[in-house]
Amino acid sequence: MFFTNVIKAIILGIIEGITEWLPVSSTGHLILADEFVRLEASEAFMSMFNVVIQLGAILAVVVLYFNKLNPFASNKNTVQKNATWQLWFRVIVAIIPSGIIGIFLDDWLDAHMHKFLPVAIVLIVYGVAFILVEKRNQNRTPKIAQLNQITYKFALIVGMFQVLSLVPGTSRSGATILGAILIGGSRFVSTEFSFFLGIPTMFGASFIKILKFIGTGNSFDFAGTIILLIGTVISFIVSILAIKFLLNYLKKNDFTAFGWYRIVLGIVLILYWAVAM
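Keep in mind the model is a prediction, meaning the values are calculated, not measured.

A. Structural view of the UniProt feature "transmembrane region" (unreviewed entry) in the protein chain. The residues that UniProt annotates with the feature "transmembrane region" (unreviewed entry) are residues 44–66, 87–104, 116–133, 154–183, 195–214, 226–247 and 259–276. With 100% helix and 0% strand, residues 116–133 has end C-alpha atoms that lie 26 Å from one another.

In structure tokens, the structure reads:
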């Protein structure tokens with residue numbers, strides 16, 4: 001059983017690493033993967049595992065953007081250090097809405113929305129949204145083309161969009177990127193700001209999940225700890241590749257292809273659900 005779980009943890013880590021940064025919903029994909037690649041573990045462990053392996057993905061952002069996000073970097077002058085602090089202050093403002101609402105809705109969402117059909121429907125809805133937003137923006141010039149142009153108002157509105165990602169299938173990056181583009185952010189700035197929001201958001205979510213897991217009488221045995229570490233490390237490695245791919249992709253393309261991917265996947269899943277029922 002342990003060896004089988006190792007293989008499954010690797011597969012789930014790959015899925016997480018790819019889908020955390022592409023706007024296709026990592027949580028949604030992990031829930032769907034659970035139908036076919038399920039770890040032989042308790043529901044409590046699976047709920048915690050699906051969130052905590054996202055730490056690996058978040059650490060990839062920390063590594064890739066360490067200098068840009070480090071206000072103490074020796075190669076930065078005073079102006080640049082202040083700009084980095086200002087970026088972090090805006091990130092903090094942006095995570096407040098989902099942080100507050102997520103605490104109250106986490107258990108309800110786990111019980112009612114972490115299911116096959118809701119995820120499939122949400123995939124389609126936001127797939128359509130991406131296509132419509134890209135068509136709307138075809139001939140528009142972004143108001144915010146640099147990270148230092150982000151205002152507190154902009155950050156707060158993007159943070160409100162991040163609340164939508166509490167619903168599985170939405171995609172945290174997808175919701176924040178869509179929101180940022182809608183209010184005038186360029187694709188590149190919207191994507192990078194979404195990456196940065198993920199750092200405190202996912203660290204906080206993982207911490208809460210671990211506390212709930214332990215608080216309900218569960219504990220980490222050796223096998224469970226190894227499985228969790230494997231999934232997290234694989235997620236980290238794959239995330240670095242996925243982030244680099246997305247940033248290069250956006251230099252010549254928009255998000256329309258991801259919208260169609262979501263729609264097709266959602267339809268396939270609904271058909272699968274209908275047959276399985």
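B. How the structure looks around the packing of helix α2 (residues 26–33) against helix α7 (residues 116–136). Axis separation between α2 and α7 bottoms out at 10 Å; the angle between their running directions is 140°. Compared by their axis directions, α2 and α7 come out oblique. Note on packing geometry: the crossing formed by α2 with α7 is left-handed. Residue-level inspection shows Gly28, Ile31 and Leu32 of α2 in contact with α7, the latter providing Phe116, Val119 and Leu123. Looking at the contact of α2 with α7 residue by residue, the class counts come to 5 nonpolar, 1 polar and no charged.

C. Molecular detail of the environment of valine 37. Here valine 37 lies in the loop between α2 and α3 (43–52). Taking the relative accessible area as the measure of exposure, valine 37 reaches 17% and is therefore buried. Considered as a pair, valine 37 and valine 51 are 14 residues apart in the sequence and their alpha carbons are 16 Å apart.

D. Structural context of the environment of glycine 179. Residue position: glycine 179 is located in helix α9 (residues 172–182). Once the C-alpha coordinates of glycine 179 and alanine 111 are considered, the two residues, 68 residues apart in sequence, prove to be 27 Å apart.

Parameters and conventions
Residues numbered from 1 in each chain as written. Predicted model: local features only at pLDDT ≥ 70, side-chain atom pairs only at ≥ 80, totals over all residues. Heavy atoms only, no water. UniProt positions renumbered as here; feature names shortened; annotations may be inferred. Helix = DSSP H or I, 4+ residues; strand = E, 2+ residues; numbered from the N terminus. Axes fitted to C-alpha atoms, helices over the stretch in contact; angles between N-to-C directions. Parallel < 35°, antiparallel > 145°, perpendicular 65-115°, else oblique. Left-handed = near helix turned anticlockwise from the far one by under 90°. Contact = heavy atoms within 4.5 Å. Nonpolar A, V, L, I, M, F, W, Y, C, P; charged D, E, K, R; others polar. Buried < 20%, exposed > 50% of the residue type's maximum accessible area, 1.4 Å probe, protein only.

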